[in-house]
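Chain residues, written in single-letter form:
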Amino acid sequence: LVNIFVRIALLNAESKPNYVHHRVRAQALSLLQGIIACRKTCNIDPTHFLGTTLVLLSTKPPEKIETKDNKDSSPDDDAEGEKRKQAILRACVQICSILQCHDPTNEFLESNFCEILSRCFSFLTSTNDSKLSTMLENLVTRLLTDGTASSELISNVTVAVDNALIESRNRIE
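Bear in mind that the values here come from a model prediction, so they are computed numbers and not experimental data.

**Some words on the overall build of the protein**
Here comes step 1: A tally of helices and strands in the protein yields seven helices and zero strands.
Here comes step 2: Its helices and strands in sequence order give the protein the pattern α-α-α-α-α-α-α, from N to C terminus.
Here comes step 3: Buried positions account for 34% of the 173 residues belonging to the protein.
Here comes step 4: Contacts in the protein between residues far apart in sequence, at least 24 positions, make up 73% of those at least 6 positions apart.

Laid out in structure tokens, this is it:
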């Protein structure tokens, strides 16, 4: 069941953003939290995450192609792509937050959190998503201070945060 709810949450985040997908994603994450809170340990298959989610997060918007009428492709396409990335990253952060609260030594969290963190930092440097920023801040703070994360994960998170700060400073200069 855990893998089904993770996949439903990610698939709905990857789909065209709308109210129905948002509600289904929220319900899947709520059910996921309920199951993990009861079981405490679970194995999340990272296949969909690695094969689809990370690929979608890696894609850059297509180059604008001029048509015969000299019109560029719709700016709505870029905005929709950004909304999808935002929804995917928020779903990933929510999944990691659920795991960190109820199963902090989970292999999926240990193996994939730094990748998610790095994607979030990259996204946040080009957008102003205060909700994602707050979600990420709360998760990283909890992860670094509650004493349940492995020393390897803490070390990797510290390096990722340090790299993001350096990149941010370099962009300012």
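From this point, the narrative continues.
**Re a nonpolar patch on the surface**
Here comes step 1: On the surface, Y19, V20 and V24 cluster together to form a nonpolar patch covering roughly 320 Å² of accessible area.
Here comes step 2: Among the secondary structure elements, V24 is positioned in helix α2 (residues 19-39).

**A look at the packing of aromatic side chains**
Aromatic ring pairs are described here by two measures, namely the spacing of the ring centres and the angle between the planes.
Here comes step 1: Scanning the model with the defined rule gives one aromatic pair in all.
Here comes step 2: Geometrically, the ring pair formed by F49 and F108 is edge-to-face, given 5.3 Å between the ring centres and 70° between the ring planes. Here F108 lies in helix α5 (residues 107-126) and F49 lies in helix α3 (residues 47-58), a separation of 59 residues in the sequence. Neither residue differs from the other here; F49 and F108 are each classed as buried.

**Some thoughts on the layout of surface pockets**
Here comes step 1: Quantified by volume, the largest pocket comes out at close to 380 Å³.
Here comes step 2: Residue lining of the largest pocket: 17 residues in total, with F121, L124, L136, V161 and A164 positioned closest to the centre.
Here comes step 3: Broken down by secondary-structure element, the contributors of at least two residues to the lining of the largest pocket are α5, α6 (130-145) and α7 (151-172).
Here comes step 4: Per-element tally for the lining of the largest pocket: the top contributor is α7, with seven residues.
Here comes step 5: The class makeup of the residues in the lining of the largest pocket is eight nonpolar, seven polar and two charged.

Here is what the cut-offs are and how they apply
- Residues numbered from 1 in each chain as written.
- Predicted model: local features only at pLDDT ≥ 70, side-chain atom pairs only at ≥ 80, totals over all residues.
- Heavy atoms only, no water.
- Helix = DSSP H or I, 4+ residues; strand = E, 2+ residues; numbered from the N terminus.
- Buried < 20%, exposed > 50% of the residue type's maximum accessible area, 1.4 Å probe, protein only.
- Contact = heavy atoms within 4.5 Å.
- Patch = residues over 30% accessible without salt bridge, like charges linked within 9 Å, V, L, I, M, F, W, Y side chains within 5 Å.
- Areas by Shrake-Rupley, 256 points an atom, 1.4 Å probe, with all protein chains shown as cover.
- Salt bridge = Lys/Arg side-chain N within 4 Å of Asp/Glu carboxyl O.
- Phe/Tyr/Trp six-rings, centres within 6.5 Å; stacked < 30°, edge-to-face > 60°.
- 1 Å grid on protein atoms, 1.4 Å probe; cavity = no way out; pocket = protein on both sides within 12 Å on 5 of 7 lines; lining within 4 Å.
- Points joined across faces, edges and corners; volume = space filled by probe spheres on them.
- Nonpolar A, V, L, I, M, F, W, Y, C, P; charged D, E, K, R; others polar.

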